[in-house]
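Spelled out from the first residue to the last, the chains are:
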Amino acid sequence: MSDSPNTRYEPGAVETARQAAWRAKDAFKTPPLAEEQAHIYIKPSAPFTSGNIHMGHVRSYSIGDAYARFRRARGDAVLFAFGFDAFGLPAELGAIAGGEPPSEWVARCAAHMTAQLRRLGFSFDWERSFMSSDPMMYRWSQWLFLVLLDAGLIYRGTSNVDWCDNCQTTLASMQVEPGGTCWRCHGPVRLIQLPQWYLRISEYVPENDRRVEDLAASGIWDDVALASQEIVLGRVDGIELDMRAPDGSTLSVFTPHADAIDDARFVLMSARHPDVDEWTADEAVHEQLEHVRSGGWERSSREAETIPVIATGLVLRTPDGTELPVLVSPLVDARFGPTVVFGIPSRDRTDEVIARRLGYELPDTAGDGDGAGEPSDNGSHASTAHAAASSDGAAAMIPGARPAVRYRAFDFTISRQRSWGTPIPIVYCDECGTVPVPREQLPVLLPLDIRPTGTGNPLAELEEFVQTTCPSCGGPARRETDTLDCHFDALWLWVPACVPANAREQRLEEIFALADLRHWLPSERLVAGSDSGNFVFDQRIITKALRDIGPLAFLTEGEPFAGCLFHEMVTAEGRKMSKHLGNVVDPDELVARYGADTVRLAVLYAASPQKSLNWNDSAVLRCHRFLGQVWEYSHAKLAQSQRERERAAVGAALAAEAGEEVRDTSEHLRLKLAQWCEAGVGRITQDMEGLEMHSAVRNVMRLFDRIKDFEKRVAARDGELAGASLDALLEALTVLAQTLGPFAPHLAEELWLAFGNDEHGAQTPWPGVSFQVPA
Ligand SMILES: [Zn+2]
Ligand SMILES: [Zn+2]
């Protein structure tokens with residue numbers, strides 16, 4: 001065997017060489033638009049600038065990158081780039097801990113994470129990647145805010161926020177300690193009411209619901225992603241009835257239990273219902289409502305024992321004349337959204353608790369034979385498909401009733417009293433009131449020298465930021481000092497990768513007119529963690545809004561993602577990795593020891609995306625051994641072939657003189673090898689099309705076993721692998737290298753070149769499924 005240095009697998013050297021070559025030829029630059037090519041935009045998740053790439057990122061990007069490389073290998077134009085989600089609380093807290101401005105903190109974190117991602121060899125188009133905290137990017141948020149405000153999809157309301165008197169600041173829920181104290185000073189936290197900006201998603205919730213069926217029919221939304229959209233919707237089917245009060249006013253009341261409406265004992269109204277003030281006009285009642293409002297809205301139905309319930313003193317009459325008291329409580333929202341529902345203690349556990357608390361007489365449900373069984377904990381989980389099927393019939397039986405649907409998904413606040421976020425483009429003028437900043441004046445710049453300490457709102461204390469002139473009258477005005485929640489930035493984070501870098505500074509109206517967006521959108525596949533359901537839901541809402549407003553009119557279905565893959569997280573010893581538990585696996589250490597190809601192959605090999613990946617070293621050891629064997633075996637066979645050629649050059653003349661012929665009885669085995677390759681590539685291709693990387697990797701490993709098996713069988717017949725059989729083996733090994741391209745791209749490309757092939761654009765080409773059998 002040759003002792004050339006190539007024959008030992010040294011991932012560090014292989015990966016350094018390949019990455020340098022990729023960089024030199026700008027291999028992953030997004031190709032220019034071409035009419036005849038399929039345009040595939042694969043959207044990876046946007047990482048927070050947390051400071052480090054963790055194993056969850058490695059998993060997510062290994063899946064997305066394998067798919068991107070597979071599509072490139074098949075000749076598709078691929079866009080694979082991302083943005084850092086760089087605003088928000090984690091960065092602000094990191095900066096406070098480090099005693100530096102958040103802008104410096106995120107720049108440092110992003111640089112480090114980028115270096116880690118590059119070392120892993122992910123094929124991102126770095127030229128198109130971006131930071132959401134860059135003014136050229138956060139103007140997208142400001143522009144979107146103004147567009148949605150114009151369309152009536154952003155409005156001003158009030159909401160409760162946690163407030164610390166010592167620190168003079170609002171707190172995010174993660175900053176409130178379990179005992180209800182402040183994370184910083186450990187002082188008491190109280191809820192205060194503040195004016196807030198809201199995003200009106202309710203307008204588009206029903207369309208998001210209707211579309212779920214089409215997404216499922218597409219076949220490229222996986223079950224976890226689809227289920228997440230249903231969960232966020234929180235759809236409940238039932239009936240709705242207009243009820244009359246003795247004074248003549250009416251109220252539409254909903255229930256998912258149409259067949260049990262006779263058991264209704266009260267009517268429960270959300271404290272967020274638009275008519276709630278009308279129904280709580282009595283001063284004493286209104287005072288109670290204010291008290292409830294300062295107690296926070298979002299509570300689970302489990303707290304039914306203690307959560308406030310207000311008796312308004314008013315009643316509604318059922319068609320048969322029964323009077324039902326009207327109660328107000330936030331208990332409605334977690335089940336049905338901000339609506340009014342019948343309280344039916346025989347069917348709903350929460351209603352039963354309320355009835356007992358208020359001392360209502362409960363109907364004797366024992367032996368009524370309706371088979372309803374135990375009251376359900378939560379109306380929204382009562383089989384909605386079943387309820388939908390039966391509600392038409394039930395509605396027909398109850399005079400005045402009509403089928404109806406309620407959703408838990410509802411408008412939410414988008415403003416935060418924090419300094420590390422997109423400034424809201426609004427000024428307040430004594431003469432003109434609330435004035436939007438004109439679009440051509442964007443971006444409203446966030447001062448970079450703010451240094452949050454955890455007290456106050458540094459932005460509100462910065463007079464040079466706050467003092468401005470009114471865009472309307474030119475008089476003195478004050479800027480809005482709330483910033484946008486980074487969830488709002490996420491609404492558009494999937495768009496800018498479609499914009500060529502040289503067009504990035506254009507006005508947004510021009511950007512939305514670019515042909516690029518029409519080619520790349522909708523994204524063919526989003527690959528993200530299974531906790532991304534809320535983001536995706538709201539991104540789907542905003543796409544529909546921008547379709548109707550105009551900028552995304554070409555997305556007629558209002559969907560940003562044609563397909564979606566949600567993967568589970570990476571755990572260790574069955575638990576979430578955390579510094580606290582001391583079970584964090586450091587990808588850098590693994591890469592330094594085994595190489596990027598091994599680490600990437602191992603995360604794909606160890607579990608299918610739908611399962612959480614419980615990390616242990618056996619997968620990485622198995623994959624490292626496999627790649628080492630592929631490498632060494634391939635080089636050994638190459639060297640053998642080389643020697644044979646050298647011998648042949650000298651020996652052919654002698655053999656011809658002596659009239660000898662080399663014995664070859666293995667043609668049928670070569671045919672078999674070709675069939676194995678064909679079947680293997682077929683299976684792997686199918687796996688890749690379905691993003692079943694887990695299965696694909698196993699099929700690649702099986703193919704290698706087949707190839708080695710071929711050599712054994714030939715050797716058993718003919719004594720030694722030679723001539724046409726050796727050529728066939730090398731061809732099969734080339735195919736193996738090609739199928740490894742998406743998973744272990746460095747090794748695969750290096751082998752591809754070693755087999756005498758030329759560099760091939762961004763990616764070793766995907767093998768076809770029919771092979772020539774060497775004669
Ligand atoms: Zn405090
Ligand atoms: Zn003014």
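About the cut-offs
Each chain has its residues counted from 1, following the order in which its sequence is written. Whichever chain is written first becomes A and whichever ligand is written first becomes 1, with later ones labelled in order. The model is predicted, so local features are restricted to residues of pLDDT at least 70 and side-chain atom pairs to those at 80 or more, both for listing and for counting; the totals for chains, interfaces and linings are taken over all residues. The side-chain values count all of the structure's non-hydrogen atoms but skip hydrogen atoms and water molecules. Pairs of strands are assigned from DSSP output, requiring at least two bridges between the strands. A run of DSSP states H or I qualifies as a helix once it reaches four residues; a run of E qualifies as a strand once it reaches two. Both are numbered from the N-terminal end. To get an axis, a line is fitted to the C-alpha atoms, and for a helix only the part in contact is used. The angle between two axes follows their N-to-C directions and goes from 0 to 180 degrees. Accessibility here uses a 1.4 Å probe with only protein chains present; expressed as a share of the type maximum, an area under 20% marks a residue as buried, one over 50% as exposed, and anything in between as partly exposed. The rule for a salt bridge is simple: a side-chain nitrogen of Lys or Arg has to be within 4 Å of a carboxyl oxygen of Asp or Glu. Aromatic rings from Phe, Tyr and Trp, taking only the six-membered ring of Trp, are treated as a pair when their centres fall within 6.5 Å; an angle between ring planes under 30 degrees marks them as stacked, one over 60 as edge-to-face, and anything in between as tilted. We call an atom a donor if it is N, O or S and sits within 2.8 Å of the metal, or 3.2 Å for Na, K and Ca. Water is not counted, so some sites may look partial. Geometry is assigned from the angles between donors: four donors with all angles from 85 to 135 degrees make a tetrahedral site, four or six donors whose opposite pairs exceed 155 degrees while the rest stay between 65 and 115 make square planar or octahedral sites respectively, and everything else is labelled irregular. If the strands point away from the viewer and the path from the first strand over the helix to the second runs clockwise, then the crossover is right-handed. The directions considered for the arc run from the helix axis to the C-beta atoms. In the analysis that follows, any N or O atom pair within 3.5 Å is treated as a polar contact, provided that within protein one partner can donate a hydrogen and the other can accept it, and provided that, for residues neighboring in sequence, both atoms belong to side chains.

Undergrad: What exactly am I supposed to notice about the sheet that holds strand β1 (residues 39-44) here?
TA: Backbone hydrogen bonds hold the strands of a sheet together, and the pairing may be parallel or antiparallel. Sheet architecture is open: four strands sit in the order β2-β1-β23-β24, paired in parallel fashion. Each edge of the open sheet carries a strand with a single partner, namely β2 (77-79) and β24 (564-567). Adjacent strand axes in the sheet meet at a mean angle of 15°, parallel and antiparallel pairs treated alike. Pairing analysis gives four bridges linking strand β23 (residues 525-529) to β24, with the strands arranged parallel.

Undergrad: Honestly, unusual backbone geometry in this entry has me stumped. Any pointers?
TA: What you tend to see is this: most non-glycine residues have negative phi, and most peptide bonds are trans. Backbone torsion omega between Leu442 and Pro443 reads 0°, so that peptide bond is classified as cis. As for its placement among the helices and strands, Pro443 is situated in the loop between β19 (433-436) and α13 (463-466). With omega at 0°, the peptide bond leading from Leu521 into Pro522 counts as cis. With respect to the helices and strands, the residue Pro522 is situated in the loop between α16 (515-520) and β23. Backbone geometry places Gln168, a non-glycine residue, at a positive phi of 50°. On the secondary structure map, Gln168 appears in the loop between β5 (154-164) and β6 (169-171). Judged by its relative accessible area of 45%, Gln168 is partly exposed. Of note, Leu691 is a non-glycine position whose phi angle comes to about 55°, a positive value. Within the secondary structure layout, Leu691 lies in the loop between α21 (667-689) and α22 (693-718).

Undergrad: I'm lost on the pattern of salt bridges in this one. Help?
TA: It is possible for side chains bearing opposite charge to pair when their charged atoms get close. As enumerated under the stated definition, the model contains 44 salt bridges in all. Glu100 serves as the salt-bridge partner of Arg108, at 2.4 Å between the closest nitrogen and oxygen. Given the relative accessible area of 48%, Arg108 is considered partly exposed. Between Arg272 and Asp333 there is a salt bridge, with its nearest N and O atoms 2.9 Å apart. In this pair, Arg272 sits in the loop between β10 (266-269) and α8 (276-279) while Asp333 sits in helix α10 (residues 333-336), placing the two residues 61 residues apart along the sequence. Judged by relative accessible area, which is 4%, Asp333 ranks as buried. Salt bridges here are not isolated pairs; linked through shared partners, they connect Arg211, Asp214, Arg540, Lys544, Glu557 and Glu559.

Undergrad: I'm lost on the packing of aromatic side chains in this one. Help?
TA: The relative placement of two aromatic rings is captured by the distance of their centres and the angle of their planes. A complete count under the given rule lists 26 aromatic pairs for this structure. Aromatic side chains Phe130 and Trp492 sit 6.2 Å apart centroid to centroid with 25° between the ring planes, which places their arrangement in the stacked category. With Phe130 in strand β4 (residues 130-131) and Trp492 in the loop between α14 (486-490) and α15 (508-512), this pair connects stretches of sequence that are 362 residues apart. The class for Phe130 is buried, based on a relative accessible area of 5%.

Undergrad: How should the coordination of the zinc ion (ligand 1) be read in this particular structure?
TA: Six octahedral donors at a metal ideally form angles of 90 or 180 degrees, and four tetrahedral donors ideally form angles of 109.5 degrees. For the zinc ion (ligand 1), the full set of protein donor atoms is Cys164 (SG), Cys167 (SG), Cys182 (SG) and Cys185 (SG), and the range of their distances to it is 2.3 Å. Of note is the zinc ion (ligand 1), whose four donor atoms meet at the metal with angles of 98 to 114° in an arrangement that counts as tetrahedral. Read from N- to C-terminus, the donor residues coordinating the zinc ion (ligand 1) fall into the pattern C-x2-C-x14-C-x2-C. Remark: Cys182 occurs in the loop between β6 and β7 (189-199) and Cys164 occurs in strand β5; sequence separation between them is 18 residues. For Cys182, a relative accessible area of 0% puts it in the buried group.

Undergrad: Explanation requested: the pairing of β23 in the structure shown.
TA: For a regular strand, the rule is simple: side chains alternate between the two faces of the sheet. In terms of burial, β23 is a largely internal element, five of the five residues being buried. Across three bridges, the pairing between β1 and β23 is parallel. By the bridge assignment, Lys43 is partnered in β23 with Leu526. The parallel pair β23 and β24 is bridged by helix α17 (residues 533-549), and the resulting crossover is right-handed.

Undergrad: What is the right way to read the pairing of strand β9 (residues 250-255) from this model?
TA: Sheet topology places strand β8 (residues 235-244) next to β9; six bridges connect them, and they run antiparallel. Paired with Glu240 across the two strands is Phe254, which belongs to β9.

Undergrad: Could you clarify how one ought to interpret helix α18 (residues 587-594) in this entry?
TA: Because each turn of an α-helix spans 3.6 residues, side chains separated by three or four positions in sequence point in the same direction. Turning to α18, its buried residues number three or more, namely Pro587, Leu590, Val591 and Tyr594. Taken down its axis, α18 places every buried residue within 100° of arc, on the same side. Along α18, exposed side chains directed more than 90 degrees from the buried face belong to Glu589, Ala592 and Arg593. Between the side-chain oxygen at the start of α18 and the backbone nitrogen of Asp588 there is a gap of 2.9 Å, and the oxygen is on Asp586. At the exit of α18 stands Gly595, carrying a positive phi of roughly 95°.

Undergrad: Looking at this structure, how should I read the coordination of the zinc ion (ligand 2)?
TA: At this site the zinc ion (ligand 2) is bound by Cys429 (SG), Cys432 (SG), Cys470 (SG) and Cys473 (SG), with donor distances of 2.2 to 2.4 Å. For the zinc ion (ligand 2), the four donor atoms in the first shell make angles of 106 to 112° at the metal, a pattern classed as tetrahedral. Coordination of the zinc ion (ligand 2) draws on donor residues from a single chain, spaced C-x2-C-x37-C-x2-C in sequence. Of this pair, Cys429 sits in strand β18 (residues 426-429) while Cys470 sits in the loop between β20 (467-469) and β21 (476-479), and the two are 41 residues apart along the sequence. Considered together, Cys429 and Cys470 belong to a single accessibility category, that of buried residues.

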